[in-house]
Structure formats: structure tokens, C-alpha cells
Amino acid sequence: MSALAPRPGRLAHAPIVLRGGQWWWISGTGSIPVTDPTFTTRLDGFAQAVAAADRAVADLRARQREAAASDSRGRR
């Protein structure tokens, strides 16, 4: 399975954002691009892991809703 590209936006609770395929450090005074290839590779991996965890939680919640709905249909 191939790795998915991280989605643009802010990285969970971190002062870092992915814009146009480039990671940026952000602060109240401005932003600077992250250029270290080792660090950006780690950021990509972390962003992919966070996205996978978000999908897993969403799937679990959907299954819980489906189970609750099917339980309520069988009761009178």
C-alpha cells in the first residue's frame, strides 16, 4: 500500500502548517519554511499517522452508531 500525502493544514496542536506541499513554522510574528529534509520527512510521517488515527476513530464511531441503530430496531 502506498503512503498518502499529508493533508494541507495545521499539524495537531503544533505551530506548524503544511501549505502548498511545504511545511512552515508559524508564530505571532510570522512564519518560516521548514527546509531540513530529515525533519520534513518526519513531519510527513507524523501527519500520515495522525490522519490514519483520525480515520480509525471515525470508523469505530460509525460502527458504534450502526450497532446502536440495529439494536434499537430489534427492541419494542
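Described below are features of the structure shown in this document.

## Comments concerning the overall build of the protein
Phase 1: When you go through the protein residue by residue, the secondary structure sums to 1 helix and 4 strands.
Phase 2: Starting at the N terminus, the α and β elements of the protein follow one another as β-β-β-β-α.
Phase 3: Across the 76 residues of the protein, 14% fall into the buried class.
Phase 4: Summarising the internal contacts of the protein: among those between residues at least 6 apart in sequence, 23% fall at separations of at least 24.
Phase 5: Of the roughly 6,200 Å² of accessible surface on the protein, a fraction of 56% belongs to carbon and sulfur atoms.

## Some words on a nonpolar patch on the surface
Phase 1: Residues Trp25, Ile32 and Phe39 make up a contiguous nonpolar surface patch of about 290 Å² in total accessible area.
Phase 2: Mapped onto the fold, Trp25 is located in strand β3 (residues 22–27).
Phase 3: Look at Trp25 and you get partly exposed, because its relative accessible area is 37%.

## Concerning the nonpolar core
Phase 1: Among the nonpolar cores identified, the biggest contains 8 residues, and these are Leu11, Ala14, Ile16, Leu18, Trp23, Val34, Leu43 and Ala47.
Phase 2: Going through the elements one at a time, β2 (16–19) and α1 (37–74) are the ones with two or more residues in this core.
Phase 3: If we skip the residues at most four places from it in the chain, Val34 touches Ile16, Gln22, Trp23, Trp24, Trp25, Phe39, Thr40 and Leu43.

Conventions used here
- Residues numbered from 1 in each chain as written.
- Predicted model: local features only at pLDDT ≥ 70, side-chain atom pairs only at ≥ 80, totals over all residues.
- Heavy atoms only, no water.
- Helix = DSSP H or I, 4+ residues; strand = E, 2+ residues; numbered from the N terminus.
- Buried < 20%, exposed > 50% of the residue type's maximum accessible area, 1.4 Å probe, protein only.
- Contact = heavy atoms within 4.5 Å.
- Areas by Shrake-Rupley, 256 points an atom, 1.4 Å probe, with all protein chains shown as cover.
- Patch = residues over 30% accessible without salt bridge, like charges linked within 9 Å, V, L, I, M, F, W, Y side chains within 5 Å.
- Salt bridge = Lys/Arg side-chain N within 4 Å of Asp/Glu carboxyl O.
- Core = buried A, V, L, I, M, F, W, Y, C linked by side-chain atoms within 4.5 Å.

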